[in-house]
Each structure stands twice: as C-alpha cells, then as structure tokens.
Amino acid sequence: MEQRLYPKLILDALSNVRYPGTGKDIVSSGMVEDDIRIDGMKVSFSLIFDKSTDPFAKSLVKSAEAALKTYIGNEVEPTVAVKFRTAAPQKPANPLPGVKNIIGVSSGKGGVGKSTIAVNLAVSLAQLGYKVGLLDADIFGPSAPKMFGLEDAPVYMSQKEDGRNLIEPLERYGVKVLSIGFLVDKDQAVLWRGGMASNALRQLITEADWGELDYFIIDMPPGTSDIHLTLVQTLAITGAIVVTTPQDVALADARKGVSMFQSDKVNVPILGIVENMSWFTPAAHPDEKYYIFGKDGGKNLAQKLGVKLLGQIPLVASICKGGDDGVPVTLQNSVSGAAFIELAREVAAATDQRNSTLPPTHKVEFN
C-alpha cells in the first residue's frame, strides 16, 4: 500500500535536520515555513533564513531533501524553496476584489450560538436580495456543512481564464459556502498546528472563486486566537458582530471580544452585538417569554460599550432543529425566522452607516 503523506510526517522528518550555525533542528528553530503542500508523493515547502548571504542555505536544502527520503521513503519528491527574512516584503493584492463588505461574526466563548447566527444571517441577507458568501473559519469545529445540509457534498476546483486553479464554493439557499469541514473527515478531529490551520484558512480565502458579493460573512472561531490574527492580516474586515447570551459569564467574554476588535492594532469597527437565547418561548405558547439566562444582558452590554444592539434572538426548538436538519430557521415562516430577517436588515443598515461615516478598514500589519 502506498504511504500517505501528511504535514506532521513531513515535520517529524525535518526535525532530524540541524542548522550548522546553532546545532538546533530546523523545525523548532522556526526555519520551516507554514506553506507545506502535498500532492500524492510530491511535497513542497520553504526554508527561511535570516540573511540572503547565509552560507548554509544550499547545503541545508539538500539535507532537508535527504531527510524526507531517509525517514519517509525514496518515493517522496521534495521541492524546497528558500526565503530570507531580510527580503523586502511584498504587499499582497486585495484577495477578494469583487466583495463589497466583509463581516466577521465572533463570540468571546463557545456555546452562544455564533454559527447559528452567522448561517441564518447569511441566508437572511440572501433572501433580501443580496449576493452573499459565507466562510466557516472555525477550523477546529466547523459546523456550516451540517447547518447547510452539505456534509457529503464534494468540492471541486476549476481552471480560470488566467490559468489559476480555484476552489469552487458550494451554493445553497442563495449563499456561496466554504468550510474546512468540506475537506476533512467529518468524524475525525482536526489535529493541526496553528500555522497549518492559518495556512488552510488563507487558501479558502485567496484560492477560491468567490466572485461578486455584497456581503462576505465569516464565521470566526470562538474566543481570541491566531486564527483571528490571520483573518485581519489577510482581509480588510468591514465590521464585526459579537454574539453573546444574556448570561454574565458570556457577557464577560463578549466584552473581551469587542475589546479585541477595538484595540489599536486590530481596529475593526464593531457593527453591533447580537443577543442570542434572549428568552425561551414554548411552541404551544408563542406569546410567553421565560428569561432562562437572564434578561437584557446583551442589550445592557451594548449600551455600556456604546455599540448598537442588532437584535435579540429567542431560544426556540425550531432554531436547533433547523441547524441539525440543514434547513436554517430563517427559511421558515415563524417568529424565529422573522427575527433573523429583521437582524439582516439591521446588519445591512449598520454596514451602510459604517461605510458612510468611517474610512475603509485596512488589513492589519504586525511586525
């Protein structure tokens, strides 16, 4: 049986190569760039050196190639590029030239229904007539495939007129969708280093045919992580939406999420806060409200932080069932569906106001 290559196997082999100048292995020294590409038995990656005059550059490339063949097998076909940290960085072009607005949907913690909000918001915007795309950037917990009913759908690449091969986003309910969940086994955990996850995410953004979009919705991972930094470094995000529940512990984390976007280094405008699970309404008694997680916590936080409350979404069984069945609740003629349509209108209005009063957002540059 032919051996299957994967990034960790490559890195384990390269960890046996030591840089003569320090005696340390090239993996722990950070000399292996996060750009490993695997195509069958073909492997390509880059080695990073501090100076273009490094005397060990050529010999280290040969050592890396030899290590792959020694520790994996002679069938490996390595291609090793060389990069230098002193080289002048090239400013990348806008990866999404056809996208008017990029909206990040974030949460300070998991379990507040962020993905449910992101998916139903995207579908609601499409129902209002906008061209919409959704990127499931929650690398380690992708949920868009199930919530769109696309768990077993294949993903294809197509060659464009300029010769590039681009990933074709899937389309459902008027929304173009991509998720790392389309590319991995849905029953297996995604065990990647942070750099590998960031690289995979960049590919879904820059190597996909998103086309012309009015709104590009990004379902971000919960909390604050290097994935968030990758997104703000790759894209000029128009604005962010922070999702919370009325519960105190969720509000504390939501406050941190708002603070991250408003920090001087990130500086992404906050479009507003969405309070999810605001109250429980029994299906048999649609006029009744039970404040299980507290009352108006998200509303009060928005007022305290001076940002807009975009909506309060009730906790009803149909929202959960819609996500599990792959049919978002906003498609249903219900109180919950109407709440998401109203949320979409509020987000569109907040985006228009942001664009008319603030300058365009710039990608973040970290030194």
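Keep in mind it's a predicted model, so treat the numbers as computed, not measured.

Caption draft 1: Broad picture of the sheet that holds strand E1 (residues 37-39). Strand order in the open sheet formed by three strands is E1-E2-E3, and the pairing between neighbours is mixed. Every interior strand has two partners, whereas the edge strands, E1 and strand E3 (77-84), have only one. Averaged over all pairs of adjacent strands, the angle between their axes in this sheet comes to 20°, without regard to strand direction. Bridge count for strand E2 (residues 42-49) against E3 is eight bridges, and the pairing is parallel. Within E3, the position partnered with Ser46 by the bridge is Ala81.

Caption draft 2: Representation of helix H3 (residues 114-127) in the model. The terminal C-alpha atoms of H3 lie 20 Å apart, and with 14 residues this matches the ideal 20 Å at 1.5 Å per residue to within 8%. By the criterion of burial, H3 is predominantly enclosed, with 13 of the 14 residues buried. With its phi angle positive at about 100°, Gly129 sits one or two positions after the end of H3.

Caption draft 3: Highlighting a nonpolar patch on the surface. Together, Phe280, Tyr290 and Ile292 make up a nonpolar patch on the protein surface, roughly 290 Å² of accessible area in all. As for its position among the elements, Phe280 is in strand E12 (residues 270-280). The class of Phe280 is partly exposed, set by a relative accessible area of 32%.

Caption draft 4: Geometry of the pattern of salt bridges. Under the defined criterion, the tally for this structure stands at 13 salt bridges. As a salt-bridge pair, Glu346 and Lys308 come within 3.2 Å of each other at their nearest N and O atoms. With Glu346 in helix H10 (residues 335-357) and Lys308 in the loop between helix H8 (297-305) and strand E13 (309-315), this residue pair connects regions lying 38 residues apart in the sequence. Here Lys308 falls in the partly exposed class, since its relative accessible area comes to 33%.

Caption draft 5: Examining H10 more closely. Over its 23 residues, H10 extends 33 Å from the first C-alpha to the last, a length consistent with the 33 Å expected when each residue adds 1.5 Å. Within H10, burial applies to Ser336, Gly337, Ala339, Phe340, Ile341, Leu343, Ala344, Val347, Ala348, Ala350, Thr351 and Arg354.

Caption draft 6: Structural detail: the side chain of Ser107. If you trace the backbone, Ser107 turns up in strand E4 (residues 99-107). Residue classification places Ser107 among the buried residues on the basis of a relative accessible area of 1%.

Caption draft 7: Quick look at the sheet that holds E12. Ordered in space as E8-E9-E5-E10-E4-E11-E12-E13, the eight strands form an open sheet in which the pairing is mixed. Of all the strands in the sheet, just strand E8 (170-172) and E13 have a single pairing partner and so form its edges. Each strand axis lies, on average, 25° off the axis of its neighbour in the sheet, ignoring direction. Each of E4, strand E11 (239-244) and E12 is contacted by helix H7 (residues 248-262), which is oriented at about 170° to E11, the strand it contacts most.

Caption draft 8: Summary view of the pairing of E2. For E2, the tally of buried residues reaches six of eight residues, placing the bulk of the element in the interior. Across three bridges, the pairing between E1 and E2 is antiparallel. Along E2, the bridge assignment pairs Arg37 with Ser44. Connecting the antiparallel pair E1 and E2 is a turn made up of two residues, with Gly40 showing a positive phi of about 65°. Between E2 and its parallel partner E3, the chain crosses via helix H2 (residues 57-71), and the hand of that crossover is right-handed.

Caption draft 9: Expanded view of the packing of aromatic side chains. In the structure shown here, the tally under the stated rule is six aromatic pairs. Between Phe49 and Phe84, the aromatic rings sit 6.3 Å apart at their centres with planes inclined by 40°, giving tilted as the arrangement. Taken together, the residues span a long stretch of sequence, with Phe49 in strand E2 and Phe84 in strand E3 at a distance of 35 residues. By relative accessible area, which is 1% here, Phe49 ends up buried. Against the face of Tyr173 rests Arg172, its NZ or CZ located 5.8 Å from the ring centre. One residue, Lys289, lies across the ring of Trp279, its end atom 4.0 Å from the ring centre.

Caption draft 10: Spatial organisation of unusual backbone geometry. Positive phi outside glycine occurs at Asn267, with the angle close to 55°. Residue Asn267 is classed as exposed on the basis of its relative accessible area, which comes to 54%. If you check the backbone angles, Asp296 has positive phi at about 60° while not being a glycine. With respect to the helices, strands and loops of the structure, Asp296 is situated in the loop between E12 and H8.

Parameters at a glance
Residues numbered from 1 in each chain as written. Predicted model: local features only at pLDDT ≥ 70, side-chain atom pairs only at ≥ 80, totals over all residues. Heavy atoms only, no water. Pairing = 2+ DSSP bridges. Helix = DSSP H or I, 4+ residues; strand = E, 2+ residues; numbered from the N terminus. Axes fitted to C-alpha atoms, helices over the stretch in contact; angles between N-to-C directions. Expected span 1.5 Å × (residues − 1). Buried < 20%, exposed > 50% of the residue type's maximum accessible area, 1.4 Å probe, protein only. Patch = residues over 30% accessible without salt bridge, like charges linked within 9 Å, V, L, I, M, F, W, Y side chains within 5 Å. Areas by Shrake-Rupley, 256 points an atom, 1.4 Å probe, with all protein chains shown as cover. Salt bridge = Lys/Arg side-chain N within 4 Å of Asp/Glu carboxyl O. Contact = heavy atoms within 4.5 Å. Right-handed = clockwise from strand over helix to strand, strands pointing away. Phe/Tyr/Trp six-rings, centres within 6.5 Å; stacked < 30°, edge-to-face > 60°. Lys NZ or Arg CZ within 6 Å of the ring centre and 35° of its normal.

The quantities given are spatial measurements derived from coordinates; they are silent on function.
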